[in-house]
Amino acid sequence: MQFIETRGNDGSRPEAVSFSEAILNPSASFGGLYVPESLPDMGIGFLSEYLQSDYKTLAFALLKAFEIDIDDGLLHEALERYDYFDDPNNPVPVVGVEEDAWVSELYHGPTRAFKDMALQPFGVILSALAKERGEQYLIMAATSGDTGPATLETFKHRENIKVCCLYPAGGTSDVQRLQMVTEDAPNLKVIGIEGNFDDAQSALKELLSSEVFREELRKKGIRLSAANSVNFGRIIFQIVYHIHSYLELVRQNAVALGEEIYLVVPSGNFGNALGAYYAKQAGLPVRKILIASNANNILTDWIETGVYDIRDRTLIQTESPAMDILKSSNVERVLYDKFGPERTRELMESLNETGVYRLTEEERRAIQEDFAAVYSTDEEGERVIAEYAQKGYLMDPHTATCFKAYRQAREEPLPTVIYSTAEWTKFSPTVARALGIDAANDREALERISEKLGVKIPRAIAELFDKPIVHSTVVSREEIMEEMLKFL
C-alpha cells in the first residue's frame, strides 16, 4: 500500500511513498501529513476470522492487511514488545463498569499510558529500518506528558537513533516529568520549553520542515523523523486496540458480532480518535465516536459548530494535562478523508495564517456523521473519580472526562467502550483530591491512595522519586534548535 499527502503534492516529493518511507520521513508537502491511499476491509469477515485471536495475532493481521513494506520477521519482533506489558496474554483488558459500559485499559505498558500501545512496536521498526539502511536518525517528539516517556522508553540504547524530546515545563504531572528527566541513556535528550504543548508541537513541526535545520543535520550525516502522531507509524498501531476492544465485547457476550457500539475517546491531539475513525471507516460496527474534551474544548466547538477557532483562546492548564491542546494535528487527516487534499490545504492554511477556519453546513454534517463531543470540567472529573472509586474502580482524570460523554452524548443506550489512556498513578494528586485525601506531593498522594484503597503502585512509578535528575535544561522556543544541535 502506498501513502499520499493530505494537502496534495508540491512537485518536489514523490506523489506516493511506501510505509517505511512515510515513517522515516513524515514531513509531507505544504506542511501536510501522510495517509494511506485506501483502507483495508476490516468488517464482519475480518472480525469473524480473528474473533478468538490474541492481541499480537490480531495486530499482525491488521498490519498485513495494510500491505506495508516491513518484513514479517521484523513485525513479529516489534509485536513482541507487548510481552513486556502487565499480562502478555492480554495487554489491553476490557473491564465492565456499567451494564452497558466497559473501560478499555490502554495503560498496562512500561510507562503506564496508552502511548506505549503504539510506540513500543513502532520504535523497534523505525530503529531496525535505520540500522538496515546504515542511516543515523534524530527522532523528535513533542509531548503533553505521555508521548515523551513512551518515546524515550522504546528508543533508549537503540543503535542509529538519537532522540530529542520537548515538553512544556510546568505543563505535565510530576510523574510524567520524572519519567523523562531521569532517563539516562546516552542517545536521549530531554528539553523543557517555556510555553505549552502547542508551542512544543509547533516548534517540532517547524523544525521538521526547516531547511536550515535539515542542512545542519546533513553536515552531521543525520536524518530527521518524528515520534508524534504526525507519524503514521504511530496511528497504524492505534487502530488495532479499537478492533480488539470490540472483539472483547463479543467474547464477553456483551454484543453480537455486527451489533453497533459507541466509542468514547478522551482527546487532545486526536490520534486516538483518528485510530477509532479509521477502524470505523474500515468496517468496525461503530455508531459514533464520542469525543471527550476538558476545559480546552476546541474539539467540542469544532464538532458542534464546524468552526475551528483559536484566535481568542488561551490554553488552560487542567487536571488532565495530556489533553491541554488547542491545535489537534490529526483532525487534518479526517478533513482529508472527508473533503480531499485541496480543501484540506485551504482549511489548514486558513488556520495557520488567521487562527480560524469554517466548515460549510454540509461539511459540518459530514463530521457529525461520525463524531459527537462533550467537554468536562476538572470538578466534574473529580466527582466521577470519587463515584467510581466507591464502586471499586480507580481511574485517572483523563478517563474521567469520558463519563459525561457516555451519559450525555449517546443517542441511544448502545454498548459503549470508554478508553482509559493513563493509569491513576501518573496523576495521584488529582486522584487524592477527588477522594478527599490530603497529600503534599505526588509521592505522598501515591502512598496514601495505595494504603486507603489497597491498590499497588507499580515499581516503575515508585522508583522514580529516588532516581537522579539527568536532564535539567529548560529553554525558550527560539533556543530549541541550538540546544538540539549542541546535543548532537
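As shown above, the structure is provided for reference.
Read on for an overview of the structure.

The rules we used
Residues numbered from 1 in each chain as written. Predicted model: local features only at pLDDT ≥ 70, side-chain atom pairs only at ≥ 80, totals over all residues. Heavy atoms only, no water. Helix = DSSP H or I, 4+ residues; strand = E, 2+ residues; numbered from the N terminus. Rg over C-alpha atoms; globule rule 2.2 N^0.38 Å. Buried < 20%, exposed > 50% of the residue type's maximum accessible area, 1.4 Å probe, protein only. Contact = heavy atoms within 4.5 Å. Areas by Shrake-Rupley, 256 points an atom, 1.4 Å probe, with all protein chains shown as cover. Lys, Arg positive; Asp, Glu negative; His and termini not counted. Charge placed at Lys NZ, Arg CZ, Asp CG, Glu CD. Phe/Tyr/Trp six-rings, centres within 6.5 Å; stacked < 30°, edge-to-face > 60°. Lys NZ or Arg CZ within 6 Å of the ring centre and 35° of its normal. Pairing = 2+ DSSP bridges. Axes fitted to C-alpha atoms, helices over the stretch in contact; angles between N-to-C directions.

1. Concerning the overall build of the chain
Right, on to step 1. A tally of helices and strands in the chain yields 21 helices and 15 strands.
Right, on to step 2. For 488 residues, the compact-globule estimate of 2.2 N^0.38 gives 23 Å, and the chain sits close to it at 21 Å.
Right, on to step 3. When the backbone C-alpha atoms are referred to their principal axes, the chain occupies close to 60 × 50 × 50 Å.
Right, on to step 4. Evaluated residue by residue, the chain yields a buried proportion of 64% over its 488 residues.
Right, on to step 5. Once local pairs closer than 6 in sequence are excluded, the contacts in the chain between residues at least 24 apart make up 75%.
Right, on to step 6. A total accessible area of about 18,000 Å² is found for the chain, and carbon and sulfur atoms account for 43% of it.
Right, on to step 7. Placing the 50 positive and 77 negative side-chain charges of the chain at their respective mean positions leaves the two points 2 Å apart.

2. Section: the side chain of Thr430
Right, on to step 1. Looking at the element boundaries, Thr430 is found in helix H18 (residues 428-434).
Right, on to step 2. The contact partners of Thr430, leaving out residues within four places of it in the chain, are Glu319, Glu382, Ile385 and Pro397.

3. Observations concerning unusual backbone geometry
Right, on to step 1. Located in the positive-phi region is Arg112, a residue other than glycine, with phi close to 65°.
Right, on to step 2. Inspection of the secondary structure puts Arg112 in the loop between strand S4 (101-105) and helix H5 (115-133).
Right, on to step 3. Positive phi, close to 60°, is recorded for Asn253, a residue that is not glycine.

4. A closer look at the packing of aromatic side chains
The geometry of an aromatic ring pair is captured by two quantities: the separation of the ring centres and the angle between the planes.
Right, on to step 1. Counted by the stated rule, this structure contains 17 aromatic pairs.
Right, on to step 2. Judged by centre distance (4.5 Å) and plane angle (45°), the ring pair of Tyr388 and Phe403 falls under tilted. With Tyr388 in helix H15 (residues 378-390) and Phe403 in helix H17 (residues 402-408), this pair connects stretches of sequence that are 15 residues apart. Considered together, Tyr388 and Phe403 belong to a single accessibility category, that of buried residues.
Right, on to step 3. Members of the aromatic cluster, joined through ring pairs, are Phe3, Phe19, Phe66, Phe232, Phe270, Tyr277, Tyr278, Trp302, Tyr308, Tyr357 and Phe371.
Right, on to step 4. When the ring centre of Tyr388 is taken as origin, the NZ or CZ atom of Lys391, which lies over that ring, is 4.3 Å away.
Right, on to step 5. The ring of Tyr375 has Lys404 sitting right over it, with the charged end atom 5.6 Å from the ring centre.

5. A look at the pairing of S4
A regular strand places its side chains on the two faces of the sheet in alternate fashion.
Right, on to step 1. Of all five residues in S4, five are buried, a share of seventy percent or more.
Right, on to step 2. Burial of the side chains of S4 extends over both faces: Ala101, Val103 and Glu105 are buried on one face and Trp102 and Ser104 on the other.
Right, on to step 3. Bridge analysis of strand S3 (residues 94-98) against S4 gives four bridges, and the strand direction is antiparallel. Across the sheet, the residue bridging to Glu98 is Ala101, located in S4.
Right, on to step 4. Linkage of S3 to S4, two consecutive antiparallel strands, is achieved through a turn of two residues.

6. Here's the deal with the sheet that holds S3
Right, on to step 1. With mixed pairing, six strands are arranged side by side in an open sheet as S3-S4-S14-S9-S10-S13. Edge positions in the sheet fall to S3 and strand S13 (371-375), since each has one partner strand and no second. Across the sheet, the mean angle separating the axes of adjacent strands is 25° when strand polarity is ignored.
Right, on to step 2. Sheet analysis places strand S9 (residues 261-266) next to strand S10 (residues 286-293), joined by six bridges and oriented parallel. Within S10, the position partnered with Val264 by the bridge is Leu290.

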